[in-house]
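The chain contents come next:
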Amino acid sequence: MPTALRPHGASWLGGSMIVASIDHAMWFHRPARVDEWLLYTMESPSAQNARGFARGLIYDRSGRLVASVAQEGLMRQATRK
């Protein structure tokens, strides 16, 4: 969810935000060695109304797509009582 918070200048660190995963998934497209170099690219195409959507792609050293991920989360400003 940090990727979905970034455009709003917010962070889940420091306690000013309440963040929770609503739904997440991971798809493996081909075998990959996790003890070798992997590139993880992330983007957040939508973050509004206290919800954020983020997706990512994981590539191996040769540039092959090995996995895809998606996550939707709740993002709210913490209120002090």
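The coordinates are above.
Residues numbered from 1 in each chain as written. Predicted model: local features only at pLDDT ≥ 70, side-chain atom pairs only at ≥ 80, totals over all residues. Heavy atoms only, no water.

A closer look at the environment of Leu 74
Tracing the backbone shows Leu 74 in strand S4 (residues 65-77). What makes Leu 74 partly exposed here is its relative accessible area of 21%. A C-alpha to C-alpha distance of 9.7 Å links Leu 74 and Asp 23, two positions 51 residues apart in sequence. (Helix = DSSP H or I, 4+ residues; strand = E, 2+ residues; numbered from the N terminus. Buried < 20%, exposed > 50% of the residue type's maximum accessible area, 1.4 Å probe, protein only.)

Section: the side chain of Asp 60
With respect to the helices, strands and loops of the structure, Asp 60 is situated in strand S3 (residues 51-60). The buried category is assigned to Asp 60, whose relative accessible area is 9%. In terms of polar contacts, Asp 60 uses its side chain to reach the side chain of Arg 64, at 2.6 Å. With sequence-adjacent residues up to four places away left out, Asp 60 is seen in contact with Trp 37, Leu 38 and Val 66. (Polar contact = N/O pair within 3.5 Å; in protein donor to acceptor, adjacent residues only side chain to side chain. Contact = heavy atoms within 4.5 Å.)

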